[in-house]
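Summary of the model geometry
If you want the building blocks of each chain, they are given just below.
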Amino acid sequence: MTDDLTGPTEQEAVDRTAPTETPLAERIEAILLIIDEPIGLVALAAAVGSPVPAVRQTIEALVEDYDGRGAGPRRGFELREVGGGWRLYVREDHDSLVAEFVGGQAPARLSQAALETLAVIAYKQPVTRSQVASIRAVNVDSVVRTLLARGLITELFADSETGAINYGTTDALLQHLGINSLDELPPISPLLDDGADGFDEGVVR
């Protein structure tokens with residue numbers, strides 16, 4: 001019997017069982033789908049474990065793909081650079097469609113956590129998620145997503161240095177509260193133990 005019939009060598013067995021690394025584009029898309037704020041190229045490269053130039057090239061390819069400049073059709077979402085970072089957004093063409101869908105969902109009561117987060121945003125706007133989390137001393141990512149989906153808050157702008165999204169309330173909140181402007185919100189200081197824990201007096205613009 002010759003050596004050829006003795007089976008694979010140890011190295012061949014390792015090669016056959018070694019997992020195949022997923023494509024870079026898939027790893028980048030996985031991260032983009034879960035982030036709430038734009039992510040910079042350096043942070044994205046660290047998250048997917050690839051060099052920045054490769055990530056930049058893949059991002060450019062994804063932009064072209066989503067815009068329909070490749071082999072496939074244009075998507076209902078786009079990959080946009082905002083404040084030095086990248087994030088997936090619904091295309092502006094579909095804003096009214098999405099707003100109608102969200103507005104048509106069966107109303108549900110907000111949780112205590114959502115109400116508290118909404119109050120912080122109402123009084124401190126414009127305010128970032130990290131600032132809200134600092135005031136409430138808890139993670140507010142999922143709550144912010146809920147408030148966005150309900151149309152009670154909106155993204156106002158991205159910080160030019162950090163890329164962090166600043167949030168504010170919408171007219172829908174005023175309608176739910178039955179007031180005409182944020183000026184009609186009651187002063188917050190009398191409701192706090194020391195009169196200043198986490199908030200400034202009145203509404204911050």
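That block above? That's the structure.
First, a word on scope: everything that follows refers to the structure included in this document.

Definitions and cut-offs
- Residues numbered from 1 in each chain as written.
- Predicted model: local features only at pLDDT ≥ 70, side-chain atom pairs only at ≥ 80, totals over all residues.
- Heavy atoms only, no water.
- Helix = DSSP H or I, 4+ residues; strand = E, 2+ residues; numbered from the N terminus.
- Contact = heavy atoms within 4.5 Å.
- Core = buried A, V, L, I, M, F, W, Y, C linked by side-chain atoms within 4.5 Å.
- Buried < 20%, exposed > 50% of the residue type's maximum accessible area, 1.4 Å probe, protein only.
- Pairing = 2+ DSSP bridges.
- Axes fitted to C-alpha atoms, helices over the stretch in contact; angles between N-to-C directions.
- Left-handed = near helix turned anticlockwise from the far one by under 90°.
- Nonpolar A, V, L, I, M, F, W, Y, C, P; charged D, E, K, R; others polar.
- Salt bridge = Lys/Arg side-chain N within 4 Å of Asp/Glu carboxyl O.
- Polar contact = N/O pair within 3.5 Å; in protein donor to acceptor, adjacent residues only side chain to side chain.
- Patch = residues over 30% accessible without salt bridge, like charges linked within 9 Å, V, L, I, M, F, W, Y side chains within 5 Å.
- Areas by Shrake-Rupley, 256 points an atom, 1.4 Å probe, with all protein chains shown as cover.

Re the side chain of S50
When you line up the elements, S50 lands in the loop between α3 (41-48) and α4 (52-66). Contacts of S50, omitting those with residues within four sequence positions, involve L24, R27, A45 and V55.

Concerning the nonpolar core
Within the largest apolar cluster, 18 residues are counted, with the highest numbers of intra-cluster contacts made by L118, I121, V132, L147, I153 and Y167. Listing elements by their share of this core, those giving two or more residues are α6 (112-124), α7 (129-136), α8 (141-149) and β5 (165-169). Per element, the largest residue contribution to this core is four residues, and it comes from α6. I28, I39, V55 and L79 belong to the second-largest nonpolar core, a separate cluster that totals 17 residues.

Considerations on the sheet that holds strand β3 (residues 127-128)
The strand order across the open sheet built from three strands is β3-β5-β4, with neighbouring strands paired in antiparallel fashion. The sheet is open, and its two borders are formed by β3 and β4 (153-158), each paired with just one other strand. Of the strand pairs in this sheet, β3 and β5 are connected by two bridges, and their pairing is antiparallel. Bridging across to β5, V127 finds its partner in Y167. In this fold α8 packs onto β4 and β5, with an angle of close to 110 degrees to the strand it touches most, β4.

A short note on the packing of α6 against α7
Where α6 meets α7, the axes come as close as 10 Å, and the angle between the chain directions of the two elements is 115 degrees. The way α6 lies across α7 gives a crossing that is right-handed. On α7, the residues touching A113, E116, T117, V120, I121 and K124 of α6 are V132, I135 and R136. Considering only residue class, the contact of α6 with α7 consists of five nonpolar, one polar and three charged.

Some words on the pattern of salt bridges
Proximity of charged atoms lets side chains of opposite charge pair with each other. In this structure the tally under the stated criterion is ten salt bridges. Between R75 and D65 there is a salt bridge, with its nearest N and O atoms 3.1 Å apart. In this pair, R75 sits in the loop between α4 and β1 (77-82) while D65 sits in helix α4, placing the two residues ten residues apart along the sequence. Residue class for D65 comes out partly exposed when judged on its relative accessible area of 25%. Here E78 ties to R91 by a salt bridge, and the two come within 3.6 Å at their closest N and O atoms. With a gap of 13 residues between them, E78 in strand β1 and R91 in the loop between β2 (85-90) and α5 (95-103) connect regions that are remote in the sequence. Taking relative accessible area as the criterion, E78 reaches 18% and is therefore assigned buried. Note on R91: relative accessible area 6%, which makes it buried. Among the ionic contacts, a cluster of salt bridges with common partners joins D67, R69, E78, R80 and R91.

Some details on the side chain of E37
Secondary-structure assignment places E37 in the loop between α2 (24-34) and α3. Only 3.5 Å separates the side chain of E37 from the side chain of R129, close enough to count as a polar contact. With residues near it in sequence (within four places) discarded, E37 still touches R87, R129, A164, I165 and Y167.

A short note on a nonpolar patch on the surface
Among the surface-exposed residues, V90, L97 and V98 lie close enough to one another that they form a single nonpolar patch of about 240 Å² accessible area. Position of L97 among the secondary structure elements: in helix α5. Relative accessible area serves as the criterion here: at 54%, L97 is assigned to the exposed category.

Brief notes about unusual backbone geometry
A cis amide bond links Q125 to the next residue, P126, at an omega of -5 degrees. If you trace the backbone, P126 turns up in the loop between α6 and β3. Here the phi dihedral of A137 falls at roughly 60 degrees; this positive angle occurs in a residue that is not glycine. By the secondary structure assignment, A137 is in the loop between α7 and α8.

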